[in-house]
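Descriptive structure summary
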Amino acid sequence: MQLFDKRSPFYNLALFYLFISIITRIVLLFHPITQTSFTIIDSIKIFVLGLVSDAFVFIIASVLLWIYLLFLSNSKFDKPWGYIFFGGLVILLIYAISGKSILHEYGGSLPEIGISFISLKTILFGLLLFLPKYRSKIRFALYSITIFIFVLVIVQNAVSEFFFWNEFGVRYNFIAVDYLVYTNTVIGNIMESYPVVPLFIGVGLVSLIATIIIVKKSSNYLDHLPKGMDKIKNFGLYGILFVISLFVIPTVAKLQNSTNVFANELQANGLYRFYLAFMNSELDYDKFYQTLPEKEAFALLQKQIPGIGLDSSLRQITSTAAENHKNVVLITIESYSADFLKAYGNEQNITPFIDSLATKSLLFTNLYAVGNRTVRGLEAVTLCFPPTAGESVVKRVDNKNKFSTGSLFKQRGYAAKFLYGGDAYFDNMGDFFSGNGYDVVDKKAFQPNEISFENIWGVCDEDMAKKAIQVMNQEASSGKPFFNHWMTVSNHRPFTYPEGKIDIDAHAKSREGGVKYTDYALRKFFAMAEKQPWFKNTVFVILADHCASSSGKTELPADKYRIPAMIYSPGFVEPKRYTNLMSQIDVMPTVFGLLNFKYASKFYGQDVLKADYKPRALIATYQDLGLIKDNVLTIISPVKKAKQFQLTLQPKEGIESDFQLYYDQKPLTKERTDLINETISYYQTASYLLKKKKYQK
């Protein structure tokens, strides 16, 4: 039987995949988020070229199906081959469960997955070998299950593409890659957070019905399995098509060149877009964004950051006072919006400790996160660098030996550590921090008796607080100053935490509960810290990594990027409010200023307490890059677009305070070219320095 015979499962699954792809395109085309019209040429390209792309993508993606069909055979059960194969599987299984296999070297869930797969394969092969009378029935059942799995993957992918489009208005991108790479964490989070049963039932029923139809049409395939020569012919045909697909798919992708972005997205194949996102962690700034001549871009930047330039990105930071080598503890709090705090008008009393700490700290009341992901916040406080297009530097291959806050501390003899209650493998945090001179202390450093509660994200913040005190006591005993960066985890969906700690039920899985529990854990941390001899010689920096939500009516809703930040050091840092506009990348340079550090800086972040600081803030998604200045938000985005919005501060209803405000954001009536060029200067030069490897320590 040939590969493309109408009775072939390969042929029937290909038709099913193409049918689902067409339906998906039609659904996305008429989705409310697809707010555009299409020319006749666009429509033809969407469906004709899209179908061509889908067909060749299926050939590549079906390689496992082809291998399965290739090894369907009766002769492999003949003596002595059947017994030899079975013995080999048994030996492989013994090796896998020995605890010394290559699977165990990688750790995680890989050993369990590998052992399960080999065990299943061994059992099934044994049944087919030793029960020849039932072989046809067993094979039919296994064949049906296999077809169901492939059908399920096709249907699930279509559903996933719909929900991804529903949220982002594009085919798969970097975020989708995250979802697959960190499957255990993401699936665990979804299962703990959402009622997915109805959705799974629907997908399962559709897949089951489609499987019954495909199995019925191709059931004769099992009764007439291809002979050796037919398999060789099928192998040759598939191999030729596979090679052709490698050239056709990227060629067709180059024809996604319409000025209508939605047309390009609809024409694209989601799986191929996923592959491209997986292989490329950044967007080429010069290709997708407005640019200026390099000298002009750096000249504009120099007006904002005196001393930085095209020839040298170093500028000298001076101080008339002697350097003060106090310990520094930087705490970045997961998903912590400014409006959680009472100071910003919240009346739920979910941050009582942070509210009290704010009155004793240098409180930055008009500070904005650079992005909406944890890695962006970590990048901002570690590299003090603008959020470049695409993925965060934290997750790129070229993420090591950068000019960082940790490197400045280490130059002065500090111990530098990154503390995280989860697995630092997630989001590439471990690789990034260890590659930039930090020692990493994560969940793997905990003994079983040190963990009182954990969920999919890691140990609870209270346990991490205890571990942090333990680490800092050890560091202090060495006589060296220390810099520790602690990233919290508990204020994250599914918002589970130990019972009896706060007055919000631990089973409620509410955002308010997550916020209040983290506040409780921080209270515990500071209560323990105050008893330590190193406390009075320590500067504590507390801020959010990003807001709880960044969705809004515009690409970059400014009020959804506002985060709390404060510097607390009794007797050293005077409690007051700093109300000027500033960015997350400015926090650590300001700390260095308070410590009178003298250094050659590559930071884009600035000491906001210096007289020459010019208020501005940088905010971005993975593709929309923004600058807030002069009450105008300027956004540059792919296809060399630029938008501007007038920002008007409005008081919250019933609140009387100079910083309990939010931005009313409306399109700017008259373009501010100067601000567009300034925005370009920040992001173009940042991209240039990374690309040319000039942001190294």
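See the structure printed just above.
Below, the structure is looked at part by part.

Reading the values: the criteria
- Residues numbered from 1 in each chain as written.
- Predicted model: local features only at pLDDT ≥ 70, side-chain atom pairs only at ≥ 80, totals over all residues.
- Heavy atoms only, no water.
- Helix = DSSP H or I, 4+ residues; strand = E, 2+ residues; numbered from the N terminus.
- Rg over C-alpha atoms; globule rule 2.2 N^0.38 Å.
- Buried < 20%, exposed > 50% of the residue type's maximum accessible area, 1.4 Å probe, protein only.
- Contact = heavy atoms within 4.5 Å.
- Axes fitted to C-alpha atoms, helices over the stretch in contact; angles between N-to-C directions.
- Parallel < 35°, antiparallel > 145°, perpendicular 65-115°, else oblique.
- Arc of directions from axis to C-beta.
- Left-handed = near helix turned anticlockwise from the far one by under 90°.
- Pairing = 2+ DSSP bridges.
- Polar contact = N/O pair within 3.5 Å; in protein donor to acceptor, adjacent residues only side chain to side chain.

So, about the overall build of the protein chain. Each helix and strand in the protein chain was counted, giving 24 helices and 19 strands. Over its C-alpha trace the protein chain gives a radius of gyration of 29 Å, about what one expects of a compact globule, namely 26 Å for 697 residues. Counting only C-alpha atoms, the protein chain reaches 90 × 65 × 50 Å along its principal axes. With 697 residues in all, the protein chain has 54% of them scored as buried. Looking at the protein chain alone, contacts between residues at least 24 apart form 73% of all its contacts between residues at least 6 apart.

Running from N to C, helix H3 (residues 63-70) and helix H12 (residues 228-253) point in directions that differ by 170 degrees, and their axes come no closer than 11 Å. Taken together, the axes of H3 and H12 lie roughly antiparallel to each other. Of the residues in H12, those in contact with Val63, Trp66, Leu69 and Leu70 of H3 are Lys231, Asn234, Phe235, Tyr238 and Phe242.

Okay, H3 next. The complete set of buried residues in H3 reads Leu65, Trp66 and Leu69. Along H3, the residues classed as buried sweep out an arc of 100 degrees about the axis, all on the same side.

This part is about the packing of helix H1 (residues 9-29) against helix H2 (residues 40-61). Angle between the axes and distance between the axes: these two values describe a pair of packed helices. It is at 10 Å that the axes of H1 and H2 come closest, and there the two elements cross at 140 degrees. The way H1 lies across H2 gives a crossing that is right-handed. Taken together, the residues of H2 that come into contact with H1 (itself represented by Phe10, Leu13, Ala14, Tyr17, Leu18, Ser21, Ile22, Arg25, Ile26 and Leu29) are Ile46, Phe47, Gly50, Leu51, Asp54, Ala55, Val57 and Phe58.

If you trace the eight strands from one edge of the open sheet to the other, you get E6-E5-E9-E2-E10-E11-E3-E12, paired in mixed fashion. Unpaired on one side and paired on the other, strand E6 (439-441) and strand E12 (576-578) mark the two borders of the sheet. The sheet shows a mean angle of 15 degrees between the axes of neighbouring strands, direction not considered. By the bridge criterion, five bridges tie strand E2 (residues 327-333) to strand E9 (residues 482-487) in an arrangement that is parallel. Bridging across to E9, valine 329 finds its partner in asparagine 484. Contacts from helix H18 (residues 374-383) reach E2, strand E5 (415-420), E9 and strand E10 (538-544), with the element oriented near 165 degrees to E9. Packed on one face of the sheet, helix H22 (residues 511-529) meets E2, E9, E10 and strand E11 (565-568) and runs near 170 degrees to E2.

Now for the side chain of asparagine 269. The residue asparagine 269 is located in the loop between helix H13 (261-267) and helix H14 (270-279) in this model. In terms of polar contacts, asparagine 269 uses its side chain to reach the side chain of aspartate 54, at 2.7 Å. From its side chain, asparagine 269 meets the backbone nitrogen of tyrosine 272 in a polar contact 3.1 Å long. The residues contacting asparagine 269, other than those within four sequence positions of it, are Tyr17, Arg25, Ser53, Asp54 and Val57.

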